[in-house]
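# Examination of the molecular architecture
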Amino acid sequence: MCMGVSAGAYILTLFAMKYRQRVLGLILVSPLCKEPSWTEWLCNKVMSNLLYFCGMCGVAKEMLLKRYYSKDIRGGTQFPEADIVKACRRSLDERQSMNVWRFLEAINGRPDLSEGLRKLNCRSLIFVGDMSPFHSEALHITSKLDRRFSALVEVQACGSIVTEEQPHAMLTPIEYFLMGYGLYRQSKSLSPRSPLSPSWISPELFSPESMGLKLKPIKTRIPT
């Protein structure tokens, strides 16, 4: 069972395509799939040049943060910068700029995976923020996957890193996804009426609006 974000999701998808018998399921967050568009390619080249000649300067950090986080939590004149963005900014200061440069060069030369997606024989659950620059990539990869075994969850008012920005929005879809494999949380101490009990699921959990989601139903099929 694999879970990856952005470029990590691309790598895991490629792994699942090459080693189909070794992957049971994919949980992909803002995945990349196609070759970079001209806009992304140019943006990556600008960041690469900044990193190569200037190191991890302020402009490079802002471009990276814009790629991964929504405008609301990046802060501005009306809203302060969120703690997770401050933590990411500090983390970028600790990174070696040449390693980030190598990362950008690698993803800028990625091949298109579209043709091999229908060969995947594992279930896939895809998350993407509706404010992510990779939103169209997530829609594309969903359209190429077998719809019997895949689902897309679009998280409202969120950037690319849903795992940090709105992790609570991932809980219920992932729980339903894992139930398709017979996996769920179970405890003797839970009441039969507990929302953590698989024998009772509160009807309001089926309302995506209550979680700030545009949720497309997860379709699973148990092999006979």
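Residues numbered from 1 in each chain as written. Predicted model: local features only at pLDDT ≥ 70, side-chain atom pairs only at ≥ 80, totals over all residues. Heavy atoms only, no water.

Of all hydrophobic cores here, the largest spans 40 residues; its most connected members are Leu26, Met56, Leu64, Tyr69, Ile126 and Ile141. Among the secondary structure elements, those contributing two or more residues to this core are α1 (7–18), β2 (25–29), α2 (38–54), α3 (58–68), α5 (83–94), α6 (97–108), β3 (123–129) and α7 (135–144). Per element, the largest residue contribution to this core is five residues, and it comes from α1. Beyond its immediate stretch of four places on either side in the chain, Leu64 contacts Met47, Met56, Leu92 and Val100. Within the second largest apolar cluster, 13 residues are counted, among which are Leu125, Val153, Val162 and Ala169. (Core = buried A, V, L, I, M, F, W, Y, C linked by side-chain atoms within 4.5 Å. Buried < 20%, exposed > 50% of the residue type's maximum accessible area, 1.4 Å probe, protein only. Helix = DSSP H or I, 4+ residues; strand = E, 2+ residues; numbered from the N terminus. Contact = heavy atoms within 4.5 Å.)

This paragraph deals with unusual backbone geometry. Phi is positive for Ser30, close to 45°, though the residue is something other than glycine. Tracing the backbone shows Ser30 in the loop between β2 and α2. Of note, the phi angle at Ala157 is positive, near 55°, even though the residue is not glycine. Judged by its relative accessible area of 40%, Ala157 falls in the partly exposed class.

All right, on to the environment of Pro31 then. For Pro31, the position within the fold is in the loop between β2 and α2. With 109 residues separating them in the primary sequence, Pro31 and His140 have C-alpha atoms 9.9 Å apart.

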